[in-house]
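Examination of the molecular architecture
One-letter residues, chain by chain:
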Amino acid sequence: MKIQKSSRTGRGKIQKYGIYFLLFTVYCLLSTDSAHAMHISEGILPFNWAAFWFAIAIPFVAYGLWRVKVLSKSDLSFKPLVGLMAAVVFIISCMPIPVPTAGTCSHPAGTGISGILVGPTISILVTAVALLIQALFLAHGGLSTWGADIVSMGVMGSFAGYLTFRGLRALKANLWIAGFMAGLFADWATYLTTSVELASGIRGDSPFMPLFWKILIAFIPTQLPLGILEGAMTAGMVVLLYKKRPDLLVKMKVLKPEEAIS
Amino acid sequence: MYIFSEHFHQEHFLTKIDVRVKLLVVLSLLVMVLSYKGFALPLLVTILCLFLCIKMRIPLRVFIRRFSEPLFIASIVLILKFLFSGKAVMFSIQMGSITLTGHRDGLMDGLFIACRIIGAVSVVAALGFATPFTEIMAGLSWFKIPKGFIEILMFAYRYIFVLLEDAFVIYNAQKNRLGYSSIRRGLNSFGTLTGSLVIKAFEHSQNTTTAMIQRGYDGNIPMLKHKPFKLDEVAASILFIFAMGVVWKI
């Protein structure tokens, strides 16, 4: 009888802790106030894919670092400036923005604006720094997925933002339109690359394309409106800088001196 | 930024261990968890790291916030794999024009990835909780990470707090003037807020450089000096990695 009683108590304890664990998990899921869809979480990619994305990201980061080193020789304030831009990207990509269609919050990438301001190669370095701090201390992204996150947010986001802005400015688009489209395409390029990385990493033996389309469609309710929100935010930022500190835009070679005066 | 480790890490044995040893153990565990084909090692690592977090007396709120996002992502991956991947059909439900099909092999794959996520997150979270930022930077410099990169990291970390304070002041001022009362106004206000942060970043970088040059800054920041390795710490870590390696091999 004693044995039966103790085994029943043991089973009861297991059930009790099981319920606690379940409640804890549900609470964690419900308390996710912000869907950080841009960051690929720690551990999601198997070792070979994590290494592959690292191999792609490292040359870009190394080139950005070399450019900062060269530019810092003539201007000692450049290194602190890059560090501060990384802090700005960190803060922007931690800010929750309500996404009406999904009934949740997501966050902007912030790489579009850094791509416009400091150029895509240094913007990749800025993103790498912000991502590493987030991975180490906030569990946004991860150490093992750092390479993949740099490729999607840093490389694709920065280049898409920079090229769109420059292309539209060359076509005489005004600052608001160019900034808006840069933010929009930077966000969508990031989301497209994240889908490729996720599909290739988690597909196992399944074919790539069907899973890629499913992930892409699953992201649409948050990322489609978020891209538009990020575009509006980037446009607002560029216009504010133009109104308040046009000299900074000239210094960062975003505008020509004659454009700032007009 | 209450969530950063400096604000709550206690005096416990993990903080006293050499950061280079901790980084080596963490990197070894990460490689093992990512390359392991099964459930045992990620679950073992998760339990071990959760136990360490409890011993470190991490506030529950911080703990939940840290794990909520990875748990959310793990659940999404699990659902995706269960419903859209695999061959062995478990059930099939007709919901109007959509047929939802659950797969046994998809479920196992999903659980496997979910375990890997939680295992890997636990390792990095334990490191983040147990080690101050400056120590991690010093550890990275020992691993021959370029000095320029570490310097930029240190600038970024230092100014996150300064810029966050600025951001809160601007945000409160905007909120008091109904800056977020509609989506359109909210977007305008958010654009102004982030634009102001960029302007402040430029100003801070100029002021900081001037102040640092006056104090002898020549483009390089000195790092923390490392003490010699402690033999017992190195031996214990090698033994631990070896034990985990045995589990990994099984």
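Remember, it's a predicted structure, so these values are computed and weren't measured experimentally.

**A word on the overall build of chain A**
Along its length, chain A carries 10 helices and two strands. The order of α-helices and β-strands along chain A, N terminus first, is α-α-α-β-β-α-α-α-α-α-α-α. Across the 262 residues of chain A, 55% fall into the buried class. Considering only contacts in chain A between residues 6 or more positions apart, those separated by 24 or more positions represent 73%.

**A short note on the overall build of chain B**
Across its full length, chain B holds nine helices and two strands. Listed N to C, the secondary structure of chain B is α-α-α-α-β-β-α-α-α-α-α in terms of helices and strands. Computed over C-alpha atoms, the radius of gyration of chain B comes to 24 Å, more than 25% over the 18 Å expected from 2.2 N^0.38 for 250 residues, which places it beyond the range of a compact globule. C-alpha atoms of chain B, sized along the principal axes, occupy 70 × 60 × 30 Å. Looking at chain B as a whole, 35% of its 250 residues are labelled buried. Of the contacts formed within chain B by residues at least 6 apart in sequence, a portion of 74% connects residues at least 24 apart.

**As for the interface of chain A and chain B**
On the side of chain B, 68 residues touch chain A, which itself brings 63 residues to the contact. Elements supplying a minimum of two residues to the side of chain A that touches chain B: helix H1 (2–30), helix H2 (47–74), helix H3 (78–92), helix H5 (120–137) and helix H8 (208–244) of chain A. The dominant element in the side of chain A that touches chain B, judged by the number of residues it contributes, is H3(A), at 13 residues. In the side of chain A that touches chain B, the residues fall into 42 nonpolar, 15 polar and six charged.

**Examining the domain arrangement of chain B**
A common measure of how large an interface is: the accessible area buried when the components associate. In terms of domains, chain B is made up of domain 1 (5–131 + 229–249) and domain 2 (147–214). Computed over C-alpha atoms, the centres of domain 1 of chain B and domain 2 of chain B are 34 Å apart.

**Details of unusual backbone geometry**
Residues and elements named next belong to chain A. Phi is positive for Lys 172, which is not a glycine, with a value near 70°. Position of Lys 172 among the secondary structure elements: in the loop between helix H6 (146–170) and helix H7 (175–202). A positive phi angle, close to 60°, is found at Lys 253, a residue other than glycine. Along the chain, Lys 253 falls in the loop between helix H9 (246–251) and helix H10 (257–261).

**Comments concerning the packing of H6(A) against H7(A)**
Residue and element names in this part refer to chain A. Taken N-terminus to C-terminus, the directions of H6 and H7 make an angle of 150°; their axes are 7 Å apart at the nearest point. The orientation of H6 relative to H7 falls into the category roughly antiparallel. Along this stretch, H6 crosses H7, giving a crossing that reads as right-handed. Considered class by class, the residues forming the contact of H6 with H7 number 14 nonpolar, nine polar and two charged.

**Side note on the environment of Met233(A)**
Among the secondary structure elements, Met233(A) is positioned in helix H8. For Met233(A) and Lys214(A), which are 19 residues apart along the polypeptide, the C-alpha to C-alpha distance reads 28 Å. Ignoring anything within four residues of it in the chain, the contact list for Met233(A) reads Pro108(A), Gly183(A), Leu187(B), Phe190(B), Gly191(B) and Thr194(B).

**Quick notes on the pairing of strand S1 (residues 89–95) of chain B**
All names here are of chain B. Counting buried positions along S1 yields zero of seven residues, so the element is predominantly exposed. Pairing geometry for S1 and strand S2 (residues 98–103), over six bridges, is antiparallel. Looking across to S2, one finds that Met 95 is bridged to Ile 98.

**Some points on H3(A)**
When the terminal C-alpha atoms of H3(A) are compared, their 21 Å separation across 15 residues agrees well with the 21 Å that a helix rising 1.5 Å per residue should span. In terms of residue burial, H3(A) counts as a mostly covered element, since 15 of its 15 residues are buried.

**Considerations on the environment of Tyr191(A)**
Structurally, Tyr191(A) can be placed in helix H7. Note on Tyr191(A): 25 C-beta atoms within 10 Å, which makes it buried.

**Remarks on the environment of Ser77(A)**
Relative to the elements of secondary structure, Ser77(A) occurs in the loop between H2 and H3. Exposure remark for Ser77(A): the 18 C-beta atoms within 10 Å place this residue in the partly exposed category. Every residue in contact with Ser77(A), bar those within four places of it in the chain, is listed here: Ser205(B), Gln206(B) and Thr209(B).

**A look at the nonpolar core**
In terms of nonpolar packing, the biggest core is built from 139 residues, with Val82(A), Ala86(A), Ala87(A), Val88(A), Leu125(A), Val129(A) and Ala156(B) touching the most fellow members. No fewer than three residues from each of domain 1 (5–131 + 229–249) and domain 2 (147–214) of chain B sit in this core. Non-local contacts of Ala87(A), meaning those with residues more than four positions away in its chain, are made with Ala156(B), Tyr159(B), Ile160(B), Leu163(B) and Ala201(B).

**Description of the confidence of the model for chain A**
Fine structural detail should not be taken from predicted coordinates in areas where pLDDT scores are low. Residue and element names in this part refer to chain A. Of all residues in chain A, 81% have pLDDT values of 70 or greater, and the mean over the chain is 81. Element-level pLDDT for chain A is lowest in H1, with a mean of 48, against a maximum mean of 94 in H6. Contacts for the low-pLDDT stretch residues 1–8, under 50 throughout, to residues beyond four places or in other chains number zero contacts. Segment residues 21–36 is flagged for pLDDT under 50; beyond a separation of four residues in sequence, or across chains, it makes 27 contacts in the model.

**Remarks on helix H4 (residues 60–84) of chain B**
All names here are of chain B. Across its 25 residues, H4 extends 35 Å between first and last C-alpha, which sits within 8% of the 36 Å expected from 1.5 Å per residue. At Ser 68, H4 is deflected by roughly 35°, the largest bend along its length, and proline Pro 70 occurs up to four residues later in sequence. Among all positions in H4, only Arg 66, Phe 67, Ser 68, Glu 69, Pro 70, Leu 71, Ile 73, Ala 74, Val 77, Leu 80, Lys 81 and Phe 82 are buried. Among the residues trailing H4, Gly 86 stands out with phi positive, at a value near 120°.

What counts and how
- Residues numbered from 1 in each chain as written.
- Chains lettered and ligands numbered in written order.
- Predicted model: local features only at pLDDT ≥ 70, side-chain atom pairs only at ≥ 80, totals over all residues.
- Helix = DSSP H or I, 4+ residues; strand = E, 2+ residues; numbered from the N terminus.
- Buried ≥ 20, exposed ≤ 12 C-beta atoms within 10 Å, placed from the backbone.
- Contact = placed C-beta atoms within 7 Å.
- Rg over C-alpha atoms; globule rule 2.2 N^0.38 Å.
- Nonpolar A, V, L, I, M, F, W, Y, C, P; charged D, E, K, R; others polar.
- Domains from an automatic or database assignment.
- Axes fitted to C-alpha atoms, helices over the stretch in contact; angles between N-to-C directions.
- Parallel < 35°, antiparallel > 145°, perpendicular 65-115°, else oblique.
- Left-handed = near helix turned anticlockwise from the far one by under 90°.
- Pairing = 2+ DSSP bridges.
- Expected span 1.5 Å × (residues − 1).
- Core = buried A, V, L, I, M, F, W, Y, C linked by C-beta atoms within 7 Å.
- pLDDT = per-residue confidence, 0-100.
- Bend = angle between axes of the 7 residues up to and from the residue.

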